[in-house]
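# Summary of the model geometry
The primary structure of each chain is shown beneath.
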Amino acid sequence: SKATVSVLNWLFTPHAMSEQKVTLKQLNLLRLSRDAIQKWYKDPAFNSVLRGLYCRVVVRDTSAQKYYRVGLVECIRVSDTPSPDGCSNVIVEVAYGKQRKSYALDFVSNGAFLAEEAEQYFEAVQRDGTHMLTFPEVEEKLRAMKEFVARCRGTEGDAAPPAAAKREPLQAPVPEKRAAAVEEREEITLEKDYVPKKAAEAPARPDATKGVRSRKERHGEDDEPQEHQRRLEQQQRLERENMEWKGEVQELKTEVAGLTGEVTGLKGEAHELKGEVRDLKGEVGDLKGEVETLEAALAEERDAQKKHKMKVKEMDILITSQAELIKALQTQLANEREMLSSVAEKRHLIATEYKELKEKCVAEATLG
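Residues numbered from 1 in each chain as written. Predicted model: local features only at pLDDT ≥ 70, side-chain atom pairs only at ≥ 80, totals over all residues. Heavy atoms only, no water.

What follows deals with the sheet that holds strand β3 (residues 90-96). Strand order in the open sheet made by the four strands is β1-β2-β3-β4, with antiparallel pairing throughout. Two strands in the sheet have a free side with no partner beyond their single neighbour: β1 (54-61) and β4 (99-104). Neighbour to neighbour, the strand axes of the sheet diverge by 50 degrees on average, direction disregarded. With six bridges joining them, strand β2 (residues 66-78) and β3 adopt antiparallel strand pairing. Of the residues in β3, the one forming a bridge with V78 is V90. Running at roughly 65 degrees to β2, helix α6 (residues 115-128) makes contact with β1, β2 and β3 of the sheet. (Pairing = 2+ DSSP bridges. Helix = DSSP H or I, 4+ residues; strand = E, 2+ residues; numbered from the N terminus. Axes fitted to C-alpha atoms, helices over the stretch in contact; angles between N-to-C directions. Contact = heavy atoms within 4.5 Å.)

A separate point is the nonpolar core. Core analysis: the biggest nonpolar cluster contains 43 residues, and L32, I37, I76 and V92 have the highest contact counts within it. Among residues more than four places away in sequence, those in contact with I76 are L32, I37, Y41, F46, N47, L50, V90, I91 and V92. (Core = buried A, V, L, I, M, F, W, Y, C linked by side-chain atoms within 4.5 Å. Buried < 20%, exposed > 50% of the residue type's maximum accessible area, 1.4 Å probe, protein only.)

Take the pattern of salt bridges next. For the coordinates displayed, the defined rule picks out eight salt bridges. The network of salt bridges with shared partners includes E139, E140 and R143. (Salt bridge = Lys/Arg side-chain N within 4 Å of Asp/Glu carboxyl O.)

With that settled, consider the pairing of β1. When you tally the buried positions in β1, you get six out of eight residues, the bulk of the element. Pairing of β1 with β2 involves seven bridges; the strand directions are antiparallel. Within the sheet, the bridge partner assigned to V58 lies in β2 and is Y68. Counting the residues in the hairpin turn of β1 and β2 gives four residues.

Structurally, the position occupied by R56 is in strand β1. When its relative accessible area of 9% is taken as the criterion, R56 is described as buried. When the C-alpha positions of R56 and R34 are compared, they lie 9.0 Å apart, and in sequence the two are 22 residues distant. Setting aside residues no more than four positions away along its own chain, R56 makes contact with Y68, R69, F107, V108, S109, G111, A112, F113, L114 and E117. Of the polar contacts made by the side chain of R56, one reaches the side chain of E117; its length is 2.8 Å. (Polar contact = N/O pair within 3.5 Å; in protein donor to acceptor, adjacent residues only side chain to side chain.)

What follows covers the confidence of the model for the chain. When pLDDT is averaged along the chain, the result is 76, and 74% of the positions lie at 70 or above. Segment residues 1-13: pLDDT under 50, and 16 contacts once partners within four positions in sequence are set aside and those in other chains are kept. Contacts of residues 155-188 to residues separated by more than four positions or lying in other chains number 71 contacts, the stretch itself having pLDDT below 50. (pLDDT = per-residue confidence, 0-100.)

A few words on a negative patch on the surface. Residues E269, E272, E276, D279, E283, D286 and E290 make up a contiguous surface patch of negative charge. One can find D286 in helix α11 (residues 226-367). On the basis of relative accessibility, which here comes to 52%, the residue D286 falls in the exposed class. (Patch = residues over 30% accessible without salt bridge, like charges linked within 9 Å, V, L, I, M, F, W, Y side chains within 5 Å. Areas by Shrake-Rupley, 256 points an atom, 1.4 Å probe, with all protein chains shown as cover. Lys, Arg positive; Asp, Glu negative; His and termini not counted. Charge placed at Lys NZ, Arg CZ, Asp CG, Glu CD.)

Relative to the helices and strands, N28 is located in helix α3 (residues 24-29). For N28, the side chain forms a polar contact with the main-chain nitrogen of F113, separated by 2.9 Å.

Moving on: the side chain of D61. Relative to the elements of secondary structure, D61 occurs in strand β1. Although D61 is buried, it makes no salt bridge; K66 carries the closest opposite charge, 4.5 Å away. Discounting chain neighbours no more than four positions away, the residues touching D61 are K66, T254, E255, G258 and E262.

With that settled, consider the packing of aromatic side chains. By convention here, two paired aromatic rings are described through the distance between centres and the angle between planes. Within the structure shown, the criterion is met by five aromatic pairs. Measuring from centroid to centroid gives 5.2 Å for W40 and F148, while their planes differ by 70 degrees, and the two rings are edge-to-face. Placement of the pair is W40 in helix α4 (residues 34-40) and F148 in helix α7 (residues 135-152), with a sequence separation of 108 residues. Owing to a relative accessible area of 3%, F148 belongs among the buried residues under this scheme. Their ring planes at 40 degrees and their centres at 5.8 Å tell us that F46 and F148 sit as a pair that is tilted. A residue pair is termed long-range when its members are at least 10 positions apart, and F46 in helix α5 (residues 46-50) and F148 in helix α7 qualify at 102 residues. (Phe/Tyr/Trp six-rings, centres within 6.5 Å; stacked < 30°, edge-to-face > 60°.)

Listed below in structure tokens is the structure:
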């Protein structure tokens, strides 16, 4: 429909394409493998091509699994001093968001990016606010890679192959063809020379000696004997096997380097653990000293409490005896009060009898 066409037209405009997220397939088009670096790093023009490419590096290597990370290649340099662990002296500077780290060539993988690794890289770029890859940059980088490979093959200035000429740029105005071009775009890597999908159908390159016929051709004989063809195939097979062995040796070196780093890390962790054990032993000794001090203080406190209890008991006994004495004194006082009361009554009787006797004597004296 017209609405669909208008939406597709907008999606494939330069502004809209710059806002769209690059897919895993397009990111793999810009992947720089270990073999490609080994093949091209000595070329002076390679440093200008590798900027903007991506590689897959080993960030952690355990006995069970290797952990990889996708990073942006900043530059490649050759170290003057050999590596102590036997790794390659070719160093790859990789950016992961705002982080920058150097890796030996042995830690660069030949494998393709995984979806999870690419998603982690995009999240790091978005988190750190660094530049995000866009569709036009992918197209521009693919073009630069193609020109570099063509120049190294000595084909610079030749007519483009038919298959490459049919490829439409990412800014093509026809949305239907653009959608197919984005999905079906052939992968261009620096691991191999650029060969289009329909290269077999492309016409052969003009040769200056094409019109000159040899004596064998004039007589109807083949110019290349079967023995030469067989030797050529055998040599190619040996070269492939040699490359496979070299790849396996490089992977073994990478594994050995990873194991060496892991052993070094474990030794460091063991040293740190020993230090922590020594510190813990010192803390335990200090705690034992504090416990002994507290136990001595507690024993002294118990002795003081025991003495205090004995004093309290003695005071209780003294108070009890004093209370009994006071009670006896109170009883004695009561008895003395009763005695005094009886004495007072006796005195009163004596005084009364004396008064009566005196009055009787006075009366007798008066009568006498």
